[in-house]
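Chain and residue survey
Residues per chain, in single letters:
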Amino acid sequence: MMLQKVFELFQFMFVVVLITYMINCIDYSVLFNEKETERHKVKLSDAMLPPAECVAALGGVDWLILILAGLFWIFRLFKFLCHLVQFWDIKLFFNTALKIEDSDLDNLTWHEVQKKIREVQSEIQMSINKEQLTELDIYHRILRFKNYMVAMMNKSLLPSTIQLPFLGNVVCLSQALRYNIGLILFWGPWSPFENNWHLREEFKRSSRRLELSKKLANQIFWVAVANIVLSPFIFLCQLMYFFFNYVDLIKKEPGTLGMRCWSQYGKLHLRHFNELDHELDARLTRAYRPAVKYMNSFSSPLLTVIARNVAFVCGGVASLIFLLAVYDEDVFQVQHVFTIFTIFGAASVISRSMIPDENMIWCPEQLLRNVLAHVHYLPASWRGYAHTSTVRDQFEQFFQLKAMYIMNELFSPFVAPFVLMFVLKPKALDLVDFFRHFTVDVVGVGDVCSFAQLDVRKHGNPDWQITNSAIEKDSNEAINTPVIENNQYTQGEHGKTELSLVHFTLTNPTWQMPPEARHFVQGIKRHALQDLNRQRGMLYGGGPPTMTNPMAQSLLSMESLGEQYQSIIHPILQTHNLSNSQQLGLSLTLGGLGSPPPVPPPTSAPHLPADHLQQFNVQSHYQYNSPTSFDFERMLQQNLTDGSTAPLRSTFLHDINENDDDENGGMGEAGASQIYTSSQAAGTFGGDPRTTMSFSTRGGMSKREGPAEGSRNGLLSSLYGESISSQPPSHEVTAADMCLSTLYLHELHHNHMRRRGGSLRTEAAQRQLWQRPHQQQSPSVVFPGSSVSGSTSAAAAASSSTSAAAERTPLLGSKKS
């Protein structure tokens, strides 16, 4: 950490000195051999001016820039000295209190460090107000201000996108803007926080809200003015930073600008409450490949035609120059020939990268569900419209081209002041009210954002709750069932509170959940098991068929995430006598397409050995005709997969799996089949097949999410059953558990919104909306059931509120709220 800070100081000084020297101390007429000199070889020293002439060539503007750069460097040096003291304290804390040597840091996970911190608390009482620190306390101390940022973004208080002429809705949130927001709201000298852990008392009083809002608006105004004054200097620094970081890379690999990355808006919008940086990076890294494939599934015929012709012309010119240079290398000595060769070659490469593969077939809807499994937050209004350009443009705000990301950061010194002035300043009163309403004092921690407490009773969203008919009534739990005490203002949007709670319980399985959180998690697990039981009963002719079983749909979606996820799903299906995913997918389509029901198993079937039961399932699978939709799916599998011969495995469009490279330890398809076979050979799963699956472990121990022994509170643990839950799961199951839980909660939310009816758009309204994409709002506010989406009418909401309130029970228990 200190070495990085030292090199940052050196890099800034190096850039300033080098640019100044190149502008004022080089005689370019000699360097370019334009000056008449004696007939001898020009040396580099001939083009370099003496120091006296170099200093004399500096003008007033040059001296002003050097003085500003020097003052900024001194400021950074002062920060470096402050960080030096802080880093030294951290080193002593790790070495002395936690008994962790520097050489051991690379071999420890965050959860091992966290465990040591909790053990040390009981010995030396770091926090004098509490005997024991919980995992949530430690996360609050680290992520205090970031949780506020996530909550304000969730409630649409922070600027994220702006509407520009000809460009439409573009992302405006940049690192510079985030820095200014942090300066204004958190760590600046006039910010609402008087220190790192305490909100100023006047911000907790409603009587001073108007006065404080005017004061905050003035602070935002003067920060914007300071940004305008310093914008030329900041832009010059940004330009130099871009030049030294990207020019050489772009010269070697022009296609770099065509790559994609997660925008600052996407990182903040998709972040959970209480999610550390390495956890967010790992989650978005897993989503990168399906996100790239989803964006690549769109192609413009017009752009393709233009790109082909540009590549033809530029490639032809570059190839001709190359052939001439092969014949005589002196061709490159001609003025500007090498420049023309470089420019046309780069243009050819960039153009060819815009030409889609004509032999590739994509399934946008499935790809977007793969993205959802990892990023966890996508608007429900995108469901069924993944193939539209409107959804693609909105998702692009989360997942920008590298070129657009660079341009956004490069011109942020000019954009950020106006965003502060005209977007953030008018929300000063809302920001003051936000700090007053959503700040709680936690003993031993200080003031934190109440959303980060993960209280589903206070900040839960009713649209993300399970219906009463879906949960088994338990009289023991119903007595202490809390009632949701929130409204549209206090609830988290897009299921932020619920999904954040699930994520935190999976990555911190030893956390002692409060009763509301425990009832919430238990409600999900009970409902998932009931879904599988209903699906099994329907498969054996014990009930009416259903097309919207949330757990079955989630398991099918998990199949397309890769071989390692399939090795998790198949034992679940075997445990619940659903044999394989093909049979499960087939059972979802029965009843509506004229196919006869499956043959029910004999009464002794549940007592048959696993191999006999599987053989019966295979026979019953072929005793009826497959529906047309499933035949089409199998046809796609035959055309898109690598030709795996495993008889009972559904590859489910293997080409859209996120793992293009071999992450099975060199085994590939055959090796994955052997893994699945070995898990079957374990009998009734007395061993843990999850320990046999192979994952890519890029990133090392420091990037691991959750402890090595996994979580007992996860959805997978309950689905595997007692016979397998007694075995310690491998740490990679945590990521799979998060994916399945996310897909399942979204399925429950979708079914709940369908039952409400009044909060959903009709087909005609949907069709009319998608025909006018320019009126569509940004993805941060387009969400059915939310008052900010503008998609629900007051009459429809009023007509459905009574029945919805009577029907809905939160995931806290079985009593009606």
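These figures come from a predicted structure and were not determined experimentally. (Residues numbered from 1 in each chain as written. Predicted model: local features only at pLDDT ≥ 70, side-chain atom pairs only at ≥ 80, totals over all residues. Heavy atoms only, no water.)

**Notes on the pairing of strand 2 (residues 168-171)**
Here strand 1 (residues 161-164) runs beside strand 2; their pairing, made up of four bridges, is antiparallel. Across the sheet, residue Thr161 finds its bridge partner in strand 2, namely Val171. Linking two consecutive strands that pair antiparallel, namely strand 1 and strand 2, is a turn of three residues; a positive phi of about 70° is found at Phe166 within it. (Pairing = 2+ DSSP bridges. Helix = DSSP H or I, 4+ residues; strand = E, 2+ residues; numbered from the N terminus.)

**Re the confidence of the model for the chain**
Taken over all residues, the pLDDT of the chain has a mean of 75, while the share at 70 or more is 71%. Least confident of the elements in the chain is helix 29 (residues 668-680), whose mean pLDDT is 34; most confident is helix 8 (residues 144-154), at 96. Throughout residues 468-482 the model reports pLDDT below 50, and contacts reaching past four residues in sequence, or to other chains, amount to 32 contacts. Low confidence marks residues 723-729, where pLDDT is under 50. Its contacts with residues over four positions away, or in another chain, come to 24 contacts. (pLDDT = per-residue confidence, 0-100. Contact = heavy atoms within 4.5 Å.)

**Details of the state of the cysteines**
On inspection of all chains with the given rule, the structure shows one disulfide. Put simply, Cys25 and Cys54 are joined by a disulfide, and their sulfur atoms are 1.5 Å apart. Placement of Cys25 in the loop between helix 1 (2-24) and helix 2 (28-31) and of Cys54 in helix 4 (residues 51-56) is noted, with a sequence separation of 29 residues between them. (Disulfide = S-S within 2.5 Å.)

**Some points on the packing of aromatic side chains**
The final tally for this structure, using the stated rule, is 40 aromatic pairs. Look at Tyr148 and Phe186: their rings are 6.1 Å apart centre to centre, the planes differ by 45°, and that puts the pair in the tilted class. One end of the pair, Tyr148, is in helix 8; the other, Phe186, is in helix 9 (residues 175-187), with 38 residues separating them in the sequence. According to the relative accessible area criterion, Tyr148 is buried, its value standing at 0%. Taking the ring centre of Tyr377 as reference, the NZ or CZ of Lys496 above it sits at 3.9 Å. (Phe/Tyr/Trp six-rings, centres within 6.5 Å; stacked < 30°, edge-to-face > 60°. Buried < 20%, exposed > 50% of the residue type's maximum accessible area, 1.4 Å probe, protein only. Lys NZ or Arg CZ within 6 Å of the ring centre and 35° of its normal.)

**Thoughts on the pairing of strand 6 (residues 446-449)**
As defined by bridge partners, strand 5 (residues 439-442) adjoins strand 6 across four bridges and the pair is classed as antiparallel. Looking across to strand 6, one finds that Thr439 is bridged to Cys449. Remark: three residues form the turn of the hairpin made by strand 5 and strand 6, two consecutive strands paired antiparallel; Gly444 in that turn has positive phi of roughly 85°.

**Quick word on the layout of surface pockets**
By volume, the second largest pocket amounts to about 1,100 Å³. In terms of lining residues, the second largest pocket is bounded by 32 residues, among which Arg260, Met295, Asn296, Ser353 and Met354 are the most central. Those elements giving two or more residues to the lining of the second largest pocket turn out to be helix 12 (277-296), helix 13 (301-327), helix 14 (337-353), helix 16 (389-398) and helix 17 (402-410). In terms of residues, the lining of the second largest pocket owes the most to one element, helix 12, which gives six residues. Per-class residue counts for the lining of the second largest pocket are 17 nonpolar, eight polar and seven charged. (1 Å grid on protein atoms, 1.4 Å probe; cavity = no way out; pocket = protein on both sides within 12 Å on 5 of 7 lines; lining within 4 Å. Points joined across faces, edges and corners; volume = space filled by probe spheres on them. Nonpolar A, V, L, I, M, F, W, Y, C, P; charged D, E, K, R; others polar.)

**What about the packing of helix 24 (residues 550-559) against helix 25 (residues 563-575)?**
Two numbers describe how helix 24 lies on helix 25: the axes approach to 8 Å, and their chain directions differ by 145°. Taken as a pair, helix 24 and helix 25 cross one another with a handedness that is left-handed. Between helix 24 and helix 25, the contacting residues are Leu555, Met558 and Glu559 on the first element and Tyr565, Gln566, Ile569, His570 and Leu573 on the second. In the contact of helix 24 with helix 25, the residues fall into five nonpolar, two polar and one charged. (Axes fitted to C-alpha atoms, helices over the stretch in contact; angles between N-to-C directions. Left-handed = near helix turned anticlockwise from the far one by under 90°.)

**So, the nonpolar core**
If you look at the biggest cluster of nonpolar residues, it comprises 118 residues, and the most contacted ones within it are Met152, Trp262 and Phe395. Among the elements that make up this core, the one with the highest residue count is helix 32 (residues 733-756) (nine residues). (Core = buried A, V, L, I, M, F, W, Y, C linked by side-chain atoms within 4.5 Å.)

**A closer look at the pattern of salt bridges**
According to the stated counting rule, one finds 20 salt bridges in the structure shown. The salt bridge involving Asp102 is made with Lys91; its shortest N-O contact spans 2.6 Å. With Asp102 in the loop between helix 5 (60-97) and helix 6 (110-124) and Lys91 in helix 5, this pair connects stretches of sequence that are eleven residues apart. On the accessibility criterion, Asp102 (41% relative accessible area) is partly exposed. Measuring nitrogen to oxygen at the nearest pair gives 2.8 Å for the salt bridge that ties Glu275 to Arg283. Arg283 carries the same exposure label as Glu275, and that label is buried. Each of the salt bridges in this network shares a partner with another, and the network as a whole consists of Arg260, Arg392, Asp393 and Glu396. (Salt bridge = Lys/Arg side-chain N within 4 Å of Asp/Glu carboxyl O.)

**Brief notes about a nonpolar patch on the surface**
On the surface, a cluster of nonpolar side chains totalling about 680 Å² of accessible area is made up of Leu3, Phe7, Phe10, Phe14, Phe243, Phe244 and Val247. Ranked by residues supplied to the nonpolar patch, first place goes to helix 1 with four residues. Secondary-structure assignment places Phe14 in helix 1. (Patch = residues over 30% accessible without salt bridge, like charges linked within 9 Å, V, L, I, M, F, W, Y side chains within 5 Å. Areas by Shrake-Rupley, 256 points an atom, 1.4 Å probe, with all protein chains shown as cover.)

**Notes on helix 15 (residues 364-375)**
In this model, helix 15 (twelve residues) spans 16 Å end to end at C-alpha, consistent with the 16 Å of a helix rising 1.5 Å per residue. Most of helix 15 sits out of view: ten of its twelve residues are buried. Among all positions of helix 15, only Gln366, Leu367, Leu368, Arg369, Asn370, Val371, Leu372, Ala373, His374 and Val375 are buried. Elements in contact with the buried residues of helix 15: strand 3 (260-262), helix 12, helix 16, helix 24, helix 25 and helix 32. Once helix 15 ends, the next one or two residues include His376, with phi positive near 80°. (Expected span 1.5 Å × (residues − 1).)

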